[in-house]
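# Structural characterization, general
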Amino acid sequence: MSETTRHNYDVVVIGAGGAGLRAAIEARQQGRKTAIISKSLFGKAHTVMAEGGAAAALGNVNANDSWQVHFRDTIRGGKFMNNPRMAELHAKEAPERILELEYWGALFDRTRDGRISQRNFGGHEYPRLAHVGDRTGLELIRTLQQRVVQLQQADAAELGHPEAMLRVFAETTVTELLTDGSGRIAGAFGYVRETGEFCVFEAPAVILATGGIGKSFKVTSNSWEYTGDGHALALRAGAALINMEFVQFHPTGMVWPPSVKGILVTESVRGDGGVLRNSEGERFMFGYVPDVFRDQYAETEEEADGWYADPANHRRPPELLPRDEVARAINNEVKEGRGSPHGGVFLDVSTRMPAEEIMRRLPSMHHQFKELADVDITAGPMEVGPTCHYVMGGVEVDADTGAARVPGLFAAGEVAGGMHGSNRLGGNSLSDLLVFGRRCGIGAARYLDGLGGDRPRPSDADVARLAEEAAAPLRRDTGENPYQLHQELQQTMNDLVGIIRRGPEMEQALEALEKLRERVATVRAEGGTAYNPGWHLALDLRNMLAVSEAVARSALAREESRGGHTRDDFPAMSAQWRRTVLAASLRGGRVELDRRPLDTLRPDLLALFDRAELTKYLTEEELPPAEGADS
Ligand code: FAD
């Protein structure tokens with residue numbers, strides 16, 4: 001078996017998407033020797049795939065925008081389940097983070113008067129998404145990578161080596177976190193994908209920035225590396241995962257051909273005027289505006305169409321409802337037999353604007369449909385349907401520092417929970433990962449300050465055990481194929497814990513997961529440790545199982561429907577349930593749930609909402625006194 005190499009850092013950041021890079025930049029700027037570890041190639045992360053943009057209340061296109069309006073939209077989108085402090089910090093700091101990116105070299109699309117342009121997106125009251133065509137994530141990652149290189153060049157000049165303070169370990173997968181005898185983080189253990197070499201990163205502070213969990217579901221916009229590793233690493237290190245029942249099914253993924261099913265069709269298509277129709281040609285979203293949003297959305301096509309040119313005097317088109325609403329509506333249209341030929345609905349932007357304009361605003365979408373489905377979106381509609389896209393649930397963290405409950409562990413970006421409540425608004429992820437990535441970098445540096453000379457160390461015995469465990473699937477003579485087990489896991493989650501959930505089906509899912517757990521414990525991979533995707537998947541399966549169990553248990557426990565959690569057997573939202581956050585932890589190898597109270601909204605934040613709106617979400621005792629009422 002391969003040797004184990006050792007590295008020593010102050011801060012180890014696991015993940016090189018937007019959250020990881022921003023955290024690492026900050027940790028390095030705080031003077032900490034920092035490693036960035038990434039399972040995929042450097043530059044290949046979900047962040048790079050983000051199309052629509054980053055939400056920030058810059059007010060460039062509509063001067064009425066402000067952090068307060070952004071905060072209000074975010075809380076509404078999350079159906080009042082968001083951690084209020086996170087939503088406040090996010091809304092306040094997002095503009096600064098976008099301007100900082102521009103300062104570091106990001107080239108955003110511009111308004112006519114030369115400011116950063118902003119586009120409309122579902123659930124955002126004003127045009128708010130800073131963007132670069134439909135390739136915003138690419139520019140974000142390019143800029144952050146450039147900043148990494150800039151810092152490395154400064155280190156080369158000052159310290160004689162570009163990697164003296166900041167080094168990237170690409171194609172390196174972390175399989176476990178290391179702790180010391182008292183449960184403090186002491187580093188991370190993993191392997192280099194190409195060579196199979198094991199490696200230990202000793203570090204008192206670890207920042208998780210590993211992104212999402214989509215690969216636990218069959219139809220997903222997520223790519224191969226999103227196996228919930230960070231979520232599972234946190235669980236096994238003793239941290240809790242909150243809100244895991246809230247999984248976002250994006251309303252518009254490709255549905256055909258089968259090989260590309262699930263690939264994202266950006267919300268910008270609807271933001272830029274795309275309309276949804278069923279097989280009868282009906283613009284069906286008008287029939288799906290829920291009461292809580294009734295006042296804010298148009299009731300006729302005429303009113304909806306008028307909004308694009310004159311938003312001040314028209315209400316928004318219902319295609320721009322938050323994602324959970326649109327996904328459920330599409331699901332229902334298909335279920336009731338009004339779907340498109342390949343089991344979706346039609347999304348059409350070709351009647352809204354000339355072909356050149358579509359090519360300019362949505363170049364990637366045009367290319368994607370032409371190449372993958374032979375459909376020209378400038379001439380006709382696309383077929384789209386829901387796809388598992390994002391997990392609102394994640395590591396329970398302190399809002400200000402990103403610290404998890406395990407000393408030395410931090411989390412930012414999609415792997416962290418709380419910020420988006422029960423449903424994330426489009427564009428709020430890119431700004432989230434910049435805001436909280438930076439905060440984690442600072443949080444980790446302050447944690448190190450507090451340690452003084454008392455640095456936790458991993459034990460040699462733990463390292464040896466982890467090497468044994470990692471190699472175990474390769475040593476077995478018998479055992480099942482990891483691909484088969486993955487297929488079954490994905491099918492279970494898709495069919496039984498998907499977009500519409502029912503109690504008995506989720507119980508069935510938990511039984512199936514239990515059986516899968518026994519089979520995964522003896523999974524077998526053929527070949528050696530050098531670039532061996534079968535072995536990699538065998539190791540990832542354990543993470544997907546833990547995450548799936550956290551999702552299924554939390555979803556079974558929450559007896560209401562809210563955001564990314566729809567119960568057929570409990571279709572209403574419950575003000576009582578809103579006050580409860582479900583926190584999953586690992587006890588004796590099993591996922592168990594604790595109930596925690598959701599932080600309350602401060603009076604000044606509560607005052608941003610009409611009392612009439614609050615009555616739809618809050619219990620009587622939480623409501624502010626009615627005007628004129630005796631206090
Ligand atoms: P990611 O960017 O997902 O990066 C995770 C990193 O962790 C990767 O480097 C990965 O290799 C690494 N990693 C994972 N596991 C391990 C491990 N075990 N060991 C080492 N490294 C590991 N959001 C928006 O706000 N606006 C948009 O327009 C938008 N469009 C999207 C389009 C698509 C197609 C998709 C899939 C998502 C989109 N999102 C959008 C969501 C958003 O892109 C993601 O939520 C966000 O980029 C997550 O960033 P992150 O930094 O948390 O993680």
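Throughout this document, residue positions are counted from 1 along each chain, in the order its sequence is written. With pLDDT at 70 or above as the cut-off, local features in this predicted model cover only qualifying residues; side-chain atom pairs require 80 or more to be listed or tallied, and sums for whole chains, interfaces and linings still use all residues. To get the side-chain values, all heavy atoms of the structure are used, and hydrogens and water are removed first.

## Comments concerning the sheet that holds strand 13 (residues 247-254)
Formally: Should DSSP find at least two bridges between two strands, the strands are regarded as paired. Every helix listed is a DSSP run of H or I at least four residues long, and every strand listed is a run of E at least two residues long, numbered separately from the N terminus. Only the contacting stretch of a helix is used when fitting its axis, a line to C-alpha atoms as for every element, and angles between N-to-C directions run 0 to 180 degrees.
In spatial order, the strands read 13-16-15-14; together these four strands make up an open sheet with antiparallel pairing. Of all the strands in the sheet, just strand 13 and strand 14 (275-277) have a single pairing partner and so form its edges. For this sheet, the mean angle separating the axes of adjacent strands, direction not counted, is 45 degrees. Of the pairings in the sheet, the one linking strand 13 to strand 16 (residues 382-391) comprises six bridges and is antiparallel in character. Within strand 16, the position partnered with His250 by the bridge is Thr387.

## Topic: helix 13 (residues 460-475)
Condition: Working rule for helices: expected span equals 1.5 Å times residues minus one. Values of bend correspond, residue by residue, to the angle between axes fitted over the seven residues ending at that residue and the seven starting there. We call a residue buried when its accessible area falls under 20% of the maximum for its residue type, exposed when it is over 50%, and partly exposed in between, using a 1.4 Å probe and counting protein chains only. Throughout, a contact is declared for two residues whenever any of their heavy atoms are within 4.5 Å.
Taking 1.5 Å per residue as the helical rise, helix 13 with its 16 residues ought to reach 22 Å, and the 22 Å between its terminal C-alpha atoms agrees with that figure. Bending of helix 13 peaks at approximately 25 degrees at the position of Glu469, with proline Pro473 no more than four residues after it. Three or more residues of helix 13 are buried, namely Val463, Leu466, Ala467, Ala470, Ala471, Pro473 and Leu474. Here the buried face of helix 13 lies against strand 1 (4-8), strand 8 (172-179), strand 9 (185-192), strand 10 (198-202) and helix 16 (533-557).

## Details of the nonpolar core
Threshold: Residues grouped as a nonpolar core are buried Ala, Val, Leu, Ile, Met, Phe, Trp, Tyr and Cys residues, joined through side-chain atoms within 4.5 Å.
Within the largest apolar cluster, 128 residues are counted, with the highest numbers of intra-cluster contacts made by Val395 and Leu409. Of all hydrophobic cores here, the second largest spans 41 residues; its members include Val265, Val326, Met382 and Phe609.

## What about unusual backbone geometry?
The omega angle of the peptide bond from Trp256 to Pro257 is 0 degrees, so this bond is cis rather than trans. In this structure, Pro257 sits in the loop between strand 13 and helix 7 (268-271). The phi dihedral of Lys79 is positive, around 50 degrees, even though this residue is not glycine. Its location among the elements puts Lys79 in the loop between helix 3 (67-77) and helix 4 (84-103). Unusually for a residue other than glycine, Asn243 sits at a positive phi of about 60 degrees. Mapped onto the secondary structure, Asn243 falls in the loop between strand 12 (241-242) and strand 13.

## Side note on the pattern of salt bridges
Put simply, the test is: Basic side-chain nitrogens of Lys or Arg form a salt bridge, by our definition, when they fall within 4 Å of a carboxyl oxygen of Asp or Glu.
In total, this model carries 78 salt bridges according to the counting rule given. We note a salt bridge from Glu96 to Arg97, for which the minimum N-O separation is 3.9 Å. With relative accessibility at 47%, the residue Glu96 sits in the partly exposed group. Arg97 gets classed as buried once you look at its relative accessible area, which sits at 5%. A salt bridge links Asp291 to Arg294, with the nearest nitrogen and oxygen atoms 3.3 Å apart. The exposure class assigned to Asp291 is exposed, which follows from its relative accessible area of 56%. Its relative accessible area of 36% is what places Arg294 among the partly exposed residues. If you follow the salt bridges from partner to partner, you end up with Arg85, Glu88, Lys92, Glu93, Asp400, Arg438, Arg439, Arg602 and Asp604 in one network.

## Some points on the side chain of Thr566
Just so we agree on the cut-off: Definition of a polar contact: a pair of N or O atoms within 3.5 Å, with one able to donate and the other able to accept a hydrogen when the atoms are protein atoms, and with sequence-neighbouring residues admitted only if both atoms are side-chain atoms.
With respect to the helices and strands, the residue Thr566 is situated in the loop between helix 16 and helix 17 (575-578). The exposure class of Thr566 is buried, given its relative accessible area of 13%. A distance of 2.7 Å separates the side chain of Thr566 from the side chain of Arg328, its partner in a polar contact. Residue contacts for Thr566: discarding those within four places in its chain leaves Arg328, Ile499, Ile500, Arg501 and Ser561.

## Details of the side chain of Arg147
Rule in force here: Residues scored as charged are limited to Lys and Arg (positive) and Asp and Glu (negative), so that His and the chain ends carry no count.
Counting through the fold element by element, Arg147 comes out in helix 5 (residues 136-159). Despite being buried, Arg147 has no salt bridge partner; Glu100 is the closest side chain of opposite charge, sitting 7.4 Å away. Excluding residues within four positions of it along the chain, Arg147 makes contact with Ile25, Gln29 and Trp104.

## So, the confidence of the model for the protein
Basically, it comes down to this: Scored from 0 to 100, pLDDT reflects the predictor's confidence in each residue.
For the protein, mean pLDDT is 95; residues scoring 70 or higher make up 99% of the total. Ranking the elements of the protein by mean pLDDT puts helix 7 last, at 90, and strand 18 (residues 409-411) first, at 99. For this predicted complex, the interface confidence score (ipTM) comes to 0.99, while the overall pTM stands at 0.94.

## Overview of the packing of helix 14 (residues 482-496) against helix 15 (residues 503-520)
Formally: For classification, angles of less than 35 degrees are called roughly parallel, those exceeding 145 degrees roughly antiparallel, those between 65 and 115 degrees roughly perpendicular, and all remaining angles oblique. Residues were grouped as follows: Ala, Val, Leu, Ile, Met, Phe, Trp, Tyr, Cys and Pro as nonpolar; Asp, Glu, Lys and Arg as charged; and all remaining residues, including Gly, as polar.
Running from amino to carboxyl end, helix 14 crosses helix 15 at an angle of 170 degrees, the nearest separation of the two axes being 10 Å. As far as their axial angle goes, helix 15 and helix 14 are roughly antiparallel. Counted together, Leu485, Glu488, Leu489, Thr492, Met493, Asp495 and Leu496 of helix 14 and Glu505, Met506, Gln508, Ala509, Ala512, Leu513, Leu516, Arg519 and Val520 of helix 15 form the full contact between these two elements. Of the residues contributing to the contact of helix 14 with helix 15, the split by class is 10 nonpolar, two polar and four charged.

## A closer look at the site of the ligand
For the record, the criterion: One heavy atom suffices: a residue is near a molecule or strand as soon as one of its heavy atoms comes within 4 Å of it. Accessibility throughout is a Shrake-Rupley quantity obtained with a 1.4 Å probe, and a residue counts as covered only by protein chains that appear here.
Around the ligand there are 39 residues in total, and Ser40, Thr47, Gly52, Asp229 and Glu414 lie nearest to it. For the ligand, an oxygen atom lies 2.8 Å from a polar atom in the side chain of Ser40. The backbone of Glu51 places a nitrogen or oxygen atom 3.3 Å from an oxygen atom of the ligand. Protein contact buries 99% of the 1,000 Å² of open area that the ligand shows by itself. With four residues, helix 12 (residues 428-451) is the largest single contributor of residues to the shell around the ligand. Looking at the shell around the ligand residue by residue, the classes come out as 14 nonpolar, 19 polar and six charged.

## Quick notes on the pairing of strand 10
Burial within strand 10 is extensive, with five of its five residues counted as buried. Alternating positions in strand 10 separate into two faces, Phe198, Val200 and Glu202 on one and Cys199 and Phe201 on the other, with burial throughout. Note: strand 1 against strand 10, five bridges, orientation parallel. Across the sheet, Thr5 pairs through a bridge with Cys199, a residue of strand 10. Both strand 9 and strand 10 contribute to a ladder of five bridges, which runs antiparallel. Looking at strand 10, one finds that Gly190 is bridged to Cys199.

## A look at the packing of aromatic side chains
Put simply, the rule reads: Two rings belonging to Phe, Tyr or Trp (six-membered ring only in the last case) form a pair when the distance between their centres is within 6.5 Å. Interplanar angles under 30 degrees mark stacking, angles over 60 mark edge-to-face geometry, and anything in between is tilted. Counted as over-ring charges are cases with an Arg CZ or a Lys NZ within 6 Å of the ring centre that also lie within 35 degrees of the ring normal.
Applying the stated criterion across every chain, the model contains 13 aromatic pairs. By the ring-pair criterion, three or more aromatic residues cluster together here, those being Phe189, Tyr191, Phe198 and Trp535. The ring of Tyr390 is capped by Arg424, whose NZ or CZ atom sits 4.1 Å from the centre of that ring.

## Section: helix 4
Between its terminal C-alpha atoms helix 4 stretches 29 Å, which fits the 28 Å expected from 20 residues at 1.5 Å a residue. Where helix 4 bends most, at Glu93, the angle is about 45 degrees, and the proline Pro95 comes one to four residues later. Burial analysis of helix 4 places 14 of its 20 residues in the buried class, the great majority of the element. Two or three places before Arg85, at the start of helix 4, stands the capping residue Asn83, its side-chain oxygen 3.0 Å from that residue's backbone nitrogen. Where helix 4 terminates, the next one or two residues include Gly105, which has phi positive at roughly 120 degrees.

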